[in-house]
Amino acid sequence: AVVSTQSTGDEDKICDCIEGDMLQGNNIVDYHGSDFFDEQWFDIVFCLRAEIEVLNKRLEERGYSENKIQNNLQSEIFQVLLEEARNSYDPDIVDELSSNNLADVESNLQRITAWIKSWHADNDTDVDR
(Lines give C-alpha, C1' and ligand atoms only; values in the text may rest on other atoms or scores of the structure.)
Protein backbone atom coordinates (compact mmCIF):
# COMPACT_ATOMS: atom_id res chain seq x y z
CA ALA A 1 0.00 0.00 0.00
CA VAL A 2 1.12 3.54 -0.63
CA VAL A 3 0.17 5.98 2.10
CA SER A 4 0.33 9.64 1.10
CA THR A 5 -0.69 12.11 3.73
CA GLN A 6 -1.32 15.83 3.74
CA SER A 7 -0.05 18.05 6.51
CA THR A 8 -2.96 18.54 8.88
CA GLY A 9 -1.05 19.69 11.92
CA ASP A 10 -2.49 16.75 13.85
CA GLU A 11 0.32 14.20 13.84
CA ASP A 12 -1.44 11.88 16.29
CA LYS A 13 -4.44 11.74 13.96
CA ILE A 14 -2.19 10.88 11.01
CA CYS A 15 -0.51 8.08 12.96
CA ASP A 16 -3.85 6.74 14.19
CA CYS A 17 -5.18 6.78 10.64
CA ILE A 18 -2.32 4.79 9.09
CA GLU A 19 -1.32 2.57 12.02
CA GLY A 20 -3.33 -0.44 10.85
CA ASP A 21 -1.79 -0.35 7.38
CA MET A 22 1.67 0.22 8.82
CA LEU A 23 1.43 -2.76 11.16
CA GLN A 24 0.58 -4.98 8.18
CA GLY A 25 3.77 -3.84 6.49
CA ASN A 26 4.68 -3.47 2.82
CA ASN A 27 3.95 0.28 2.71
CA ILE A 28 5.44 3.40 1.22
CA VAL A 29 4.77 6.62 3.11
CA ASP A 30 5.13 10.00 1.40
CA TYR A 31 5.31 12.81 3.93
CA HIS A 32 7.29 15.99 4.57
CA GLY A 33 8.54 15.04 7.99
CA SER A 34 9.41 11.96 9.95
CA ASP A 35 10.03 12.69 13.60
CA PHE A 36 6.60 11.58 14.84
CA PHE A 37 6.22 8.24 13.07
CA ASP A 38 6.93 5.02 14.98
CA GLU A 39 10.53 4.03 14.28
CA GLN A 40 9.52 0.38 13.99
CA TRP A 41 7.33 1.11 10.96
CA PHE A 42 10.25 1.67 8.58
CA ASP A 43 13.03 -0.43 7.09
CA ILE A 44 14.38 2.50 5.09
CA VAL A 45 13.78 6.24 4.82
CA PHE A 46 14.49 8.01 1.54
CA CYS A 47 14.99 11.74 1.89
CA LEU A 48 14.68 13.61 -1.41
CA ARG A 49 16.88 16.70 -1.73
CA ALA A 50 17.06 19.43 -4.35
CA GLU A 51 19.49 22.19 -5.19
CA ILE A 52 18.28 25.55 -3.94
CA GLU A 53 17.86 27.08 -7.41
CA VAL A 54 15.87 24.07 -8.59
CA LEU A 55 13.69 24.05 -5.49
CA ASN A 56 13.05 27.79 -5.70
CA LYS A 57 11.89 27.49 -9.31
CA ARG A 58 9.61 24.54 -8.46
CA LEU A 59 7.98 26.37 -5.59
CA GLU A 60 7.49 29.55 -7.64
CA GLU A 61 5.88 27.51 -10.44
CA ARG A 62 3.49 26.01 -7.88
CA GLY A 63 2.42 29.51 -6.87
CA TYR A 64 3.68 29.30 -3.29
CA SER A 65 3.81 32.54 -1.30
CA GLU A 66 7.20 34.19 -0.87
CA ASN A 67 7.10 33.35 2.85
CA LYS A 68 6.43 29.66 2.17
CA ILE A 69 9.17 29.59 -0.47
CA GLN A 70 11.69 31.12 1.93
CA ASN A 71 10.72 28.68 4.70
CA ASN A 72 11.17 25.72 2.33
CA LEU A 73 14.49 27.03 1.02
CA GLN A 74 15.85 27.59 4.53
CA SER A 75 14.74 24.10 5.51
CA GLU A 76 16.61 22.68 2.53
CA ILE A 77 19.73 24.79 3.12
CA PHE A 78 19.94 23.65 6.73
CA GLN A 79 18.98 20.05 5.87
CA VAL A 80 16.16 20.16 8.41
CA LEU A 81 14.23 17.14 7.12
CA LEU A 82 17.36 15.08 6.50
CA GLU A 83 18.63 15.74 10.02
CA GLU A 84 15.17 15.07 11.44
CA ALA A 85 15.18 11.67 9.74
CA ARG A 86 18.71 10.89 10.92
CA ASN A 87 17.78 11.83 14.47
CA SER A 88 14.48 9.91 14.41
CA TYR A 89 15.74 6.64 12.91
CA ASP A 90 18.89 4.60 12.78
CA PRO A 91 21.08 6.76 10.48
CA ASP A 92 22.01 3.59 8.58
CA ILE A 93 18.47 3.36 7.17
CA VAL A 94 18.28 7.01 6.06
CA ASP A 95 19.21 7.38 2.40
CA GLU A 96 19.61 10.84 0.84
CA LEU A 97 18.63 11.10 -2.84
CA SER A 98 19.09 14.07 -5.18
CA SER A 99 15.94 15.08 -7.01
CA ASN A 100 16.92 17.92 -9.32
CA ASN A 101 15.93 16.65 -12.75
CA LEU A 102 14.38 13.79 -14.67
CA ALA A 103 17.64 11.82 -14.68
CA ASP A 104 17.69 12.01 -10.87
CA VAL A 105 14.08 10.86 -10.70
CA GLU A 106 14.84 7.89 -12.95
CA SER A 107 17.94 7.04 -10.92
CA ASN A 108 15.96 7.29 -7.68
CA LEU A 109 13.27 5.02 -9.06
CA GLN A 110 15.88 2.43 -9.99
CA ARG A 111 17.56 2.75 -6.58
CA ILE A 112 14.30 2.38 -4.66
CA THR A 113 13.08 -0.48 -6.84
CA ALA A 114 16.39 -2.32 -6.37
CA TRP A 115 16.17 -1.78 -2.61
CA ILE A 116 12.61 -3.18 -2.50
CA LYS A 117 13.61 -6.26 -4.50
CA SER A 118 16.64 -6.81 -2.26
CA TRP A 119 14.52 -6.42 0.88
CA HIS A 120 12.03 -8.99 -0.36
CA ALA A 121 14.83 -11.42 -1.26
CA ASP A 122 16.49 -10.94 2.15
CA ASN A 123 13.17 -11.41 3.95
CA ASP A 124 11.97 -14.29 1.78
CA THR A 125 8.75 -12.52 0.77
CA ASP A 126 6.92 -12.14 -2.52
CA VAL A 127 7.79 -8.88 -4.29
CA ASP A 128 4.30 -8.67 -5.80
CA ARG A 129 2.54 -8.94 -2.45
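Look a little higher up for the structure.
Residues numbered from 1 in each chain as written. Predicted model: local features only at pLDDT ≥ 70, side-chain atom pairs only at ≥ 80, totals over all residues. Heavy atoms only, no water.

Outline the packing of aromatic side chains, listing residues and values.
With the rule as written, the count across this model stands at 7 aromatic pairs. Aromatic pair Y31 and F36: ring centres 5.4 Å apart, planes at 85°, arrangement edge-to-face. Centroid distance Y31 to F37: 5.7 Å. Interplanar angle 85°. Geometry classified as edge-to-face. Each residue in the set Y31, F36, F37, W41, F42 and Y89 is aromatic and connected to the rest through ring pairs, giving one cluster. The ring of Y64 carries K68 above its face, with NZ or CZ at 4.5 Å from the centroid. (Phe/Tyr/Trp six-rings, centres within 6.5 Å; stacked < 30°, edge-to-face > 60°. Lys NZ or Arg CZ within 6 Å of the ring centre and 35° of its normal.)

Explain helix α5 (residues 102–122) residue by residue, including any values.
The end-to-end C-alpha separation of α5 is 30 Å, in line with the 30 Å expected for 21 residues at 1.5 Å each. Turning to α5, its buried residues are D104, N108 and H120. All buried residues of α5 fall inside an arc of 135° around its axis, so they share one side. Opposite the buried face of α5, by more than 90 degrees, sit the exposed residues L102, A103, Q110, K117 and A121. Structurally, α5 contributes buried residues whose contacts are with β3 (45–49) and β4 (94–98). N-capping of α5 is provided by N101, with a side-chain oxygen placed 3.1 Å from the backbone N of A103. Phi turns positive, to about 50°, at D124, one or two residues after α5. (Helix = DSSP H or I, 4+ residues; strand = E, 2+ residues; numbered from the N terminus. Expected span 1.5 Å × (residues − 1). Buried < 20%, exposed > 50% of the residue type's maximum accessible area, 1.4 Å probe, protein only. Arc of directions from axis to C-beta. Contact = heavy atoms within 4.5 Å. Polar contact = N/O pair within 3.5 Å; in protein donor to acceptor, adjacent residues only side chain to side chain.)

Summarise the nonpolar core; cite the residues concerned and give the values.
The biggest cluster of nonpolar side chains holds 16 residues, and the ones touching the most others in it are F36, F37, W41, F42, V45, Y89 and V94. At the level of elements, α1 (11–24), β3 and α4 (80–88) are the ones that each hand at least two residues to this core. Counting residues per element, this core draws most heavily on α1, which supplies 4 residues. Ignoring anything within four residues of it in the chain, the contact list for V45 reads A85, Y89, I93, V94 and D95. (Core = buried A, V, L, I, M, F, W, Y, C linked by side-chain atoms within 4.5 Å.)

How would you summarise the environment of L97 if you had to cite specific residues and measurements?
As for its placement among the helices and strands, L97 is situated in strand β4. Expressed as a C-alpha distance, the spacing of L97 and N123, which sit 26 residues apart in the sequence, is 24 Å. Sequence-distant contacts of L97, defined by excluding residues within four places in its chain, comprise F46, C47, L48, R49, N108, R111 and I112.

Help me get a handle on unusual backbone geometry, residues and values and all.
In the Ramachandran plot, Q79 falls in the positive-phi region, its phi being about 55° despite a non-glycine side chain. The topology assignment puts Q79 in the loop between α3 (66–77) and α4. A positive phi angle is found at D124, which is not glycine, with a value near 50°. Mapped onto the secondary structure, D124 falls in the segment after α5. Taking relative accessible area as the criterion, D124 reaches 72% and is therefore assigned exposed.

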